[in-house]
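Spelled out from the first residue to the last, the chains are:
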Amino acid sequence: MLDKNNRKWRDLATGKLELKTDNFGLQMFLKRSVTRFAAPQPPGELEKAVEELYNFFVKYERILGKELAVISK
């Protein structure tokens, strides 16, 4: 698992890094996050989004192994 401070988490949350996945929950999570950052956000929002994304991957690490392998490259 990538460290929480890795730049890839920020890129995923903002849509700079596109991740193809069959996991519907992750698709929805990423879509909500990318949509939120399409407009300017107050300070600290990106850090909260990265924390939520990281925690989502920790919680579902077992079923998101394929996605983790892709972003860990």
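Structure report, in brief.

Cut-offs used in this document
Residues numbered from 1 in each chain as written. Predicted model: local features only at pLDDT ≥ 70, side-chain atom pairs only at ≥ 80, totals over all residues. Heavy atoms only, no water. Helix = DSSP H or I, 4+ residues; strand = E, 2+ residues; numbered from the N terminus. Buried < 20%, exposed > 50% of the residue type's maximum accessible area, 1.4 Å probe, protein only. Contact = heavy atoms within 4.5 Å. Areas by Shrake-Rupley, 256 points an atom, 1.4 Å probe, with all protein chains shown as cover. Lys, Arg positive; Asp, Glu negative; His and termini not counted. Charge placed at Lys NZ, Arg CZ, Asp CG, Glu CD. Core = buried A, V, L, I, M, F, W, Y, C linked by side-chain atoms within 4.5 Å.

**Here's the deal with the overall build of the protein chain**
Move 1: The number of helices and strands found in the protein chain is 4 helices and 0 strands.
Move 2: C-alpha atoms of the protein chain, sized along the principal axes, occupy 35 × 25 × 20 Å.
Move 3: The buried share of the protein chain, taken over its 73 residues, is 33%.
Move 4: Relative to all contacts within the protein chain whose residues are 6 or more apart in sequence, the contacts with residues 24 or more apart total 60%.
Move 5: With the model as given, the accessible surface of the protein chain reaches about 4900 Å², and the carbon-plus-sulfur share is 55%.
Move 6: Within the protein chain, the 10 negative side-chain charges are centred at a point lying 2 Å from the centre of the 14 positive side-chain charges.

**What to know about the environment of Tyr-54**
Move 1: Structurally, Tyr-54 can be placed in helix H3 (residues 45–59).
Move 2: For Tyr-54 and Lys-4, which are 50 residues apart along the polypeptide, the C-alpha to C-alpha distance reads 6.4 Å.
Move 3: Residues contacting Tyr-54, with those up to four places away along its chain left out, are Met-1, Leu-2, Asp-3, Lys-4 and Trp-9.

**A look at the nonpolar core**
Move 1: Trp-9, Leu-12, Leu-19, Leu-26, Leu-53, Phe-57 and Ile-71 are the most contacted members of the largest nonpolar core, which totals 19 residues.
Move 2: Contributions of two or more residues to this core are made by helix H1 (7–14), helix H2 (24–36), H3 and helix H4 (65–71).
Move 3: If you tally residues by element for this core, the top one is H3, at 7 residues.

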